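Here's the letter readout for the chains.
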Amino acid sequence: MRLSPRSIPMSWKARETRYAYATVLPVVVVVALFTIYPVVYAVSTSLRQVVLYRPDSTPFVGLKNYVDIVRGDFFPTAWAHTLTFTLFAVPLATVLGFGTAHLLRVRSRLAGFLNAAVLLPWAIPTVISGVIWAWIFNSTYGAFNGVLYSLGLISSYIPLLSRPSSALFCVLFAHIWKELPLTSILYVAALQAIPDELYDAARADGAGVLAMLRRITIPLVLPTTLIVVIYESMVAIVTFDLLYVMTGGGPAGATSLISYYIYNRMFTSYNFGQGAALAVILALSLIVFILVYLRVLNSEEVYRE
Amino acid sequence: MRHSRTQQLLVTALALLAAAYILAPFAWVAVSSIQPEKELFSVPPHWVPRILTGDNYRFIFTGKFPAGYTETGLLRGRISEKARDALPALMNSTIVALTVAAANLLLGVVAAYSFSRLRFRGAGALYTFVLASRLLPPMALAIPYYLIVARLGLLDRYGALILIHSAVTLPFTVWFLAVYFKRVPPDMEDAALVDGCTRLQVLVRIVAPVAAPALAAAAAFAFMFSYNDFPFALFVTSTIRSQTIPVIVSATAVNPDVSFGVVAVTVVLTMLPPVAFALLFRRYITRGLITVVTTR
Amino acid sequence: MIRRYFALASGLMALILVVCAVAVAAAPVQLTFTVWSYSNDVIQDNIQKFQARNPGVQVGLNDFAWEKFTDVMTARFVGKTSTDVSYSSDHWLQQWAAANWIVPLDDYFPQVAAYKPDFAPYAIEGMTYNGKLYGLPYYADTIIFIYNEDMLKRAGFSTPPVTWDDVTKMAVAMKQKKIVEYPLMFQFQDITPWYIEVFLSMVYSNKNPSMFDKSLNPTYDTESSTAHKVARWLVDGFRTTKIINPASLEMTEVPLVKAMGAGQVAFAVLPKYNLADLNTTGAHAQAGKFKMALMPGETHGTEGFVRFYAMTKMAADRGKEVRDASWKFLEYFGGKSGGEFTVVKRWALEKGLGFAQLPLYKDPQIRAAINKWGNVTLEEQQSKLARAKEALTPFWGSWSLEFQKEMNKALLGQETPLQALQASAAKWKEMKK
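This one's a predicted model, so the numbers in the text were calculated from it and none came from an experiment.

J.: Any chance you could explain the overall build of chain C here in plain terms?
T.: Broken down by element type, chain C carries 19 helices and ten strands. Expressed as lengths along the three principal axes of its C-alpha atoms, the size of chain C is roughly 105 × 50 × 35 Å. When the 433 residues of chain C are sorted by exposure, 65% land in the buried category. Only carbon and sulfur atoms are counted for the fraction: they give 55% of the accessible area of chain C, which is about 15800 Å².

Below, the structure written as structure tokens:
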């Protein structure tokens, strides 16, 4: 039995509004400080020529930094590398998360153990996981090579992080390891929402495992899949710490993503103007991406209604 | 419900593979932390350790140098001493992360509830603004954040980290919980309001207990983000007074006198608080995620 | 009554003023010192000893990871966070000085000129910008050639290589005798700052050691340049004779040293303090077997670098008291106290760090300590043949990363050595504008 707004006395409504603002404002103020200022700082810096070792002149140069960045010969390769990384990382994280979620739902002692273990990679700071994986993938004393060697699969250690393609593999291996906890738990949640009766009915109709997967499971977890894909894409596009520690953007620039170049422009070239411009470009790309997502999600919801 | 034998074997095999993938790095680090440095670089590795030692742990906890590192006649050995800051750093990290989680629970929950239940002018705009705040990459945020914190006089203090981490986690908490609250029918709350309770009382007495799993999940996310943060902590901390564990581990892992065995010990120690936290609240975390994801 | 109150109050005021005046006069000067986190305990101990000698000065230590040091210092300087004395290095001097973050010591402390004759030339050059001296050395070292004596002997050689052809010959022999699969390994990760220094040291060991001309234009991108010779030698060792470990492309300093200590590498080109570390028994399986040789090549020249203590502009602006305190600090740490280079000597004895102060080579304690893990005669000889990096500019750091990336492309076979050199030279010209 809902109360209609008109039957509430005015003073009570005013009190509610005051309460609303009082509870919301602290959060907004804190977040605003840490949002407005960096955005203003980034945009204003990107429109000026700010080179730290030329401190005497920081003139307004309009879009020159943006043009220089987009025309720079690193720009297309950086995007190519970023997209390559993302196009591998996102499907892998999604599919493996989906698969692991199934393993987590089995009733067995092993699955119970796995349920506890799956949270562990989440508990490690990314930069430390980079240090550990760089140690494991090291081509002269690493454990990964060691396992292959001890199992007799290779006769001498393979240079993993020293070749462009295998370096990408190593970096993806480490990245997926870090992302698996979240994706698998999200899928576990989604799978739990599917009523068992659907599967029972399908099995009574003679459907096999693959058919049930295709007809029931995958369509019903579509909302979660969208969340996972979007989130993992955002993570992949801005990823920095892991790659920086494991490969330094190499070998020969093979794993240098856009985020690396933001760092390079700001802290190596000391060109804050260009670094800010690149960051703004990246942020705009993310906005475009999110808008696309919202479009897809809205159309999907409408469809489901 | 898998009945076929081969299917069961397949599932077990895959589960073992998944467990191996997830646990292998931890096992490697744990086993490396109890071996002397010399043993760690053999080709192939000694899968069963030949020499076990507590020297690395003893170095972190008591400062006694591992065997072979002190030169006769010299005052100190050639090993990374920064590692001994691991324990204070662990305390810093845990305190900051717990405070950030608490701040999220206090401020974020209350704000999320207001967003979801109350109508007030500017709600939509504020909501979008709070969500849009996470688009600049951390590298570009580091300097502005540093400048803000410096102006507030909070450099090298817990306050700097708590402020920055809260500012970054609150938007997510608010969004996450607002979505949740919106799906919950407001009947009980309306009844309580009619009985004369204030919104705050309704929140604390009726909504919070029911929403506990979602709240725990939000707190857990905030804790993990704060604990794991490296780029912001790196810039605003400058002494062990506030340096967090990611900062210490990265500092110990790069010097010419680094001992990987000691690094392994710091990594093992790093894992303990969040693992304890995650295991304690695991049920709540998964349930919280379930309720949010499935009530769409 | 009122008069009594008045007398009491003014008496109290006077007392308070006197106490305040005494407190202000006695208040120690606070200096903020920023370092990278190497041996913090030793640094703290040095600070305590300094404070004991100079009771009017208190030093607060702030430390950051070595790899992130410049990043954090950039934020500190941009945010004008109070910093008075700091570690700095020859390869950032250009940027820091041009950005007006640190100041020339010559301008504030003319007495610093008295130290110059004691310093090795490459160290002075590394601390000088626009003709002025910007610091006193923390440590200075050279890039040296380290070899595993045991492996050398097993391959049938009794003396270390003298030319780069010798190196190839001996490495090939080691490979054929299966002593080690890849006798050489380098720290050639894309972004490690040591890559360019190692390359330069190899260039400087030759007869025509220049890569740039006097107007700072690159001269190394021609077929006949020394740099091309070195680049071709490296690519050859990588792809043809296979004496250089392909894993070099992922190596930074620490993993290389760990691998060498474990017996995976016979020859390496490394900063000298690593020799002290390699011969530390607790750390490496092969400790004790590593020896230093003069850099192979026609002139045995090499590259030398210097890390130094600098005073910031912020300190200079804080007033005479702070400046005087800073000078006391700089002199204690990088200069003489009690007639001796106390702190520098301590680093050399305890950690095997090199030094720019040449008179220390005559010190018997130093000689004995170095000979425990190295060879003091060779070291002294090598430091006399060391050259500072040429053509240091504010964009040198950026250029070096491009240089390294292009060289790695050549090592991977994606382009020829000459193309790699030309590509990075083109980048230099672009940055110079």
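So much for the structure itself; the text now carries on.
J.: What am I meant to see in a nonpolar patch on the surface here?
T.: A cluster of nonpolar side chains, Val147, Leu151 and Leu153 of chain A together with Trp47 and Val48 of chain B, forms an exposed patch at the surface whose accessible area comes to about 540 Å². Looking at the element boundaries, leucine 153 of chain A is found in the loop between helix H6 (143–150) and helix H7 (164–192).

J.: Hey, could you run me through the packing of helix H2 (residues 40–53) of chain C against helix H14 (residues 320–334) of chain C in this one?
T.: Residues and elements named next belong to chain C. Packing of H2 against H14 brings their axes to within 11 Å, and their N-to-C directions diverge by 125 degrees. On the basis of the axis angle, H2 is oblique to H14. Where H2 crosses over H14, the two elements pack in a sense that is right-handed. Contacts between H2 and H14 involve Asn46, Ile47, Lys49, Phe50 and Arg53 on the former and, on the latter, Ala325, Lys328, Phe329, Tyr332 and Phe333. Considered class by class, the residues forming the contact of H2 with H14 number six nonpolar, one polar and three charged.

J.: Got a minute to help me understand the interface of chain C and chain A in this structure?
T.: The extent of an interface is frequently quoted as the accessible surface area lost upon association of the parts. Each side of the interface is counted separately: chain C has 38 residues, and chain A has 37 residues. When chain C packs against chain A, the two sides together hide about 2700 Å² of surface, and 55% of this comes from carbon and sulfur. Here chain C is connected to chain A by one salt bridge. One salt bridge connects lysine 427 of chain C with aspartate 73 of chain A, and the closest N-O pair in it is separated by 3.4 Å.

J.: I would appreciate a short explanation of the interface of chain A and chain B in the present structure.
T.: Residue-level contacts link 86 residues of chain A with 86 residues of chain B. Counting the surface lost from both chain A and chain B, the interface buries some 8100 Å², and carbon and sulfur atoms represent 82% of this. Counting the surface chain A buries against chain B, the share from its top three residues, Phe34, Trp122 and Trp135 of chain A, is 10%. Run the count over chain A and chain B and you get zero salt bridges. No other element matches helix H1 (residues 10–46) of chain A, which puts 23 residues into the side of chain A that touches chain B. Tallied by class, residues from the side of chain A that touches chain B come to 71 nonpolar, ten polar and five charged.

J.: Explanation requested: the pattern of salt bridges in the structure shown.
T.: Where charged atoms of side chains with opposite charge meet at close range, the side chains can pair. Residue and element names in this part refer to chain C. Going through the model one piece at a time under the given rule, you end up with 34 salt bridges over all chains. The partner of lysine 384 in a salt bridge is glutamate 380, and the shortest N-O contact between them spans 3.5 Å. Of this pair, lysine 384 and glutamate 380 both sit in helix H17 (residues 376–384), four residues apart, which is roughly one turn of that helix. Judged by relative accessible area, which is 60%, lysine 384 ranks as exposed. We classify glutamate 380 as buried; its relative accessible area is 18%. Three or more residues joined by partner-sharing salt bridges are found here, namely Asp45, Lys49, Arg346 and Glu350.

J.: Looking at this structure, I do not really get unusual backbone geometry. What am I missing?
T.: Trans peptide bonds make up the majority, and among non-glycine residues the majority have a negative phi. The linkage connecting glycine 250 of chain A with the following residue, proline 251 of chain A, adopts the cis geometry, with an omega of -5 degrees. One can find proline 251 of chain A in the loop between helix H11 (241–246) and helix H12 (258–268). With an omega of -10 degrees, the peptide bond running from valine 43 of chain B to proline 44 of chain B counts as cis. Positive phi outside glycine occurs at lysine 242 of chain C, with the angle close to 55 degrees. Structurally, the position occupied by lysine 242 of chain C is in the loop between helix H10 (226–239) and helix H11 (253–261). Judged by relative accessible area, lysine 242 of chain C falls into the partly exposed class, the value being 40%. Its identity is not glycine, yet histidine 300 of chain C carries a phi of approximately 55 degrees, on the positive side. In this fold, histidine 300 of chain C is placed in the loop between strand E8 (290–293) and strand E9 (302–311).

J.: What's the story with the nonpolar core in this structure? I'm lost.
T.: The tendency in soluble globular proteins is for nonpolar side chains to be buried side by side. Membership of the largest hydrophobic core comes to 357 residues, with the highest contact counts inside it found for Phe33 and Leu234 of chain C. Examining the composition of this core, we find that 15 residues originate from one element, H7 of chain A, more than from any other. No fewer than three residues from each of domain 1 (5–83) and domain 2 (85–294) of chain B sit in this core. In contact with leucine 234 of chain C, other than residues within four places in its own chain, are Phe186, Phe188, Phe199, Met202, Ile244, Met407 and Leu411 of chain C.

Cut-offs applied
- Residues numbered from 1 in each chain as written.
- Chains lettered and ligands numbered in written order.
- Predicted model: local features only at pLDDT ≥ 70, side-chain atom pairs only at ≥ 80, totals over all residues.
- Heavy atoms only, no water.
- Helix = DSSP H or I, 4+ residues; strand = E, 2+ residues; numbered from the N terminus.
- Buried < 20%, exposed > 50% of the residue type's maximum accessible area, 1.4 Å probe, protein only.
- Areas by Shrake-Rupley, 256 points an atom, 1.4 Å probe, with all protein chains shown as cover.
- Patch = residues over 30% accessible without salt bridge, like charges linked within 9 Å, V, L, I, M, F, W, Y side chains within 5 Å.
- Salt bridge = Lys/Arg side-chain N within 4 Å of Asp/Glu carboxyl O.
- Axes fitted to C-alpha atoms, helices over the stretch in contact; angles between N-to-C directions.
- Parallel < 35°, antiparallel > 145°, perpendicular 65-115°, else oblique.
- Left-handed = near helix turned anticlockwise from the far one by under 90°.
- Contact = heavy atoms within 4.5 Å.
- Nonpolar A, V, L, I, M, F, W, Y, C, P; charged D, E, K, R; others polar.
- Buried area = accessible area lost by both parts, 1.4 Å probe.
- Core = buried A, V, L, I, M, F, W, Y, C linked by side-chain atoms within 4.5 Å.
- Domains from an automatic or database assignment.

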